Amino acid sequence: MEQAIKNPNIKLYPIDKILQVTLLKIIPNFLTPNHFTVLRLLLTPIIILFILKEKIILSLILFLLAALTDAIDGAMARTRNQITEWGKIYDPIADKLLIGATAFLLISKYLNLYFALFIILIEILLVANGARRKSNGNIIEANIWGKIKMIIQTFGIALIFLFMIFNIHFLIIASWAILIIACFFSIISLFTYSL
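First things first, this report covers the structure right here in the doc. Keep in mind that this is a model prediction, so the values were computed, not measured.

**Structural notes on the overall build of the chain**
For step 1, the next point in the chain: A tally of regular secondary structure across the chain gives seven helices and zero strands.
For step 2, the next point in the chain: Relative to the globule expectation of 16 Å for 195 residues, the C-alpha radius of gyration of the chain, 17 Å, shows essentially globular dimensions.
For step 3, the next point in the chain: For the chain, the spread of C-alpha atoms along the three principal axes comes to 50 × 40 × 25 Å.
For step 4, the next point in the chain: Nonlocal contacts in the chain, meaning residues at least 24 apart in sequence, comprise 80% of its contacts between residues at least 6 apart.
For step 5, the next point in the chain: About 10,300 Å² of surface is accessible on the chain, with carbon and sulfur atoms providing 72% of the total.

Structure (structure tokens):
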């Protein structure tokens, strides 16, 4: 794997500190953040396949596992000083593929197609903006608004999975509300990355 970029001024987020004293303690040092990004990239098509085959409980478990790898790889990169150029590019792409694919399949079916396309559009704009900033030589760092957005999106999509399992209408209403909030954080993230 690629050599980590040494940066003594790495900003740690509260989730990084929590994971550092819990989950990261059991992750061996030979595993790097990029391994978890690759795992998320590999899990996404499997999740899509299981959703299409209507294996919903398994899809939900794998979706939550894939979302957890996002928190893990970011916390590992920052707490273990293992930030790489490869990770800066492919970590957000892995996030966008996971959210975009599940948004298209689930939100378009159970909420609204245009809402799903709006979420996907924002995700594409975030990736394009990151690529633009990188090509201009700017340092691309984790954005707290993007982190909050990812957590909220994960929760909102998980509620759709739970609706599919339990058929409780309130879960769809809650999912709508949570995903609308996530859209606000997406837009904030997009504008703060543009600065």
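**With respect to the environment of Ala 67**
For step 1, the next point in the chain: Within the element layout of this structure, Ala 67 appears in helix α3 (residues 56–79).
For step 2, the next point in the chain: For Ala 67, a relative accessible area of 12% puts it in the buried group.

**Topic: the nonpolar core**
For step 1, the next point in the chain: Membership of the largest hydrophobic core comes to 36 residues, with the highest contact counts inside it found for Ile 47, Ile 107, Ile 157 and Phe 161.
For step 2, the next point in the chain: Breaking this core down by element, the ones donating at least two residues are α2 (33–52), α3, α4 (85–110), α5 (113–135), α6 (144–166) and α7 (169–194).
For step 3, the next point in the chain: Setting aside chain neighbours within four positions, we find Ile 47 in contact with Ser 59, Leu 62, Phe 63, Ala 66, Leu 98 and Thr 102.
For step 4, the next point in the chain: Judged by nonpolar contacts, the second largest core, of seven residues, contains Leu 19, Ile 27, Phe 36 and Met 76.

**Notes on the packing of aromatic side chains**
For step 1, the next point in the chain: One pass over the structure, following the stated rule, counts five aromatic pairs.
For step 2, the next point in the chain: With centroids separated by 4.7 Å and ring planes inclined at 25°, the aromatic side chains of Trp 86 and Tyr 90 adopt a geometry described as stacked. A residue pair is termed a helical-turn pair when its members lie 3 or 4 positions apart in one helix, as Trp 86 and Tyr 90 do in helix α4 at four residues.

**Looking at a nonpolar patch on the surface**
For step 1, the next point in the chain: A cluster of nonpolar side chains, contributed by Phe 104, Leu 113, Tyr 114 and Leu 117, occupies part of the molecular surface with about 430 Å² of accessible area.
For step 2, the next point in the chain: Considering each element in turn, the nonpolar patch owes the most residues, three residues, to α5.
For step 3, the next point in the chain: Assignment of secondary structure puts Leu 117 in helix α5.

**Some details on the environment of Leu 41**
For step 1, the next point in the chain: Note that Leu 41 resides in helix α2.
For step 2, the next point in the chain: Residues Leu 41 and Ala 103, spaced 62 residues apart in sequence, show a C-alpha to C-alpha distance of 16 Å.
For step 3, the next point in the chain: If we ignore the near neighbours within four places in the chain, the residues touching Leu 41 are Ala 94 and Leu 97.

**Let's talk about α3**
Residues spaced three or four apart along an α-helix point in a common direction, a consequence of the helix completing one turn every 3.6 residues.
For step 1, the next point in the chain: With 24 residues, α3 ought to run about 34 Å at 1.5 Å a step, and its terminal C-alpha atoms sit 34 Å apart, in line with that.
For step 2, the next point in the chain: Looking one or two residues past α3, Asn 81 carries a phi angle of roughly 55°, positive in sign.

**Structural notes on the pattern of salt bridges**
For step 1, the next point in the chain: Enumeration according to the criterion identifies eight salt bridges in this entry.
For step 2, the next point in the chain: Residue Arg 40 pairs with Asp 70 through a salt bridge whose shortest N-O separation is 3.7 Å. Taken as a pair, Arg 40 in helix α2 and Asp 70 in helix α3 lie far apart in primary sequence, 30 residues in all. Of the two residues, Arg 40 and Asp 70, both sit in the buried class.
For step 3, the next point in the chain: The residue Arg 40 makes a salt bridge to Asp 95 at a minimum N-O spacing of 2.9 Å. One end of the pair, Arg 40, is in helix α2; the other, Asp 95, is in helix α4, with 55 residues separating them in the sequence.
For step 4, the next point in the chain: Using a relative accessible area of 0% as the deciding quantity, one classes Arg 40 as buried.
For step 5, the next point in the chain: With a relative accessible area of 8%, Asp 95 lands in the buried category.
For step 6, the next point in the chain: One connected set of salt bridges, linked through shared partners, spans Arg 40, Asp 70, Asp 73, Asp 91 and Asp 95.

Each value, and the rule that gives it
Residues numbered from 1 in each chain as written. Predicted model: local features only at pLDDT ≥ 70, side-chain atom pairs only at ≥ 80, totals over all residues. Heavy atoms only, no water. Helix = DSSP H or I, 4+ residues; strand = E, 2+ residues; numbered from the N terminus. Rg over C-alpha atoms; globule rule 2.2 N^0.38 Å. Contact = heavy atoms within 4.5 Å. Areas by Shrake-Rupley, 256 points an atom, 1.4 Å probe, with all protein chains shown as cover. Buried < 20%, exposed > 50% of the residue type's maximum accessible area, 1.4 Å probe, protein only. Core = buried A, V, L, I, M, F, W, Y, C linked by side-chain atoms within 4.5 Å. Phe/Tyr/Trp six-rings, centres within 6.5 Å; stacked < 30°, edge-to-face > 60°. Patch = residues over 30% accessible without salt bridge, like charges linked within 9 Å, V, L, I, M, F, W, Y side chains within 5 Å. Salt bridge = Lys/Arg side-chain N within 4 Å of Asp/Glu carboxyl O. Expected span 1.5 Å × (residues − 1).

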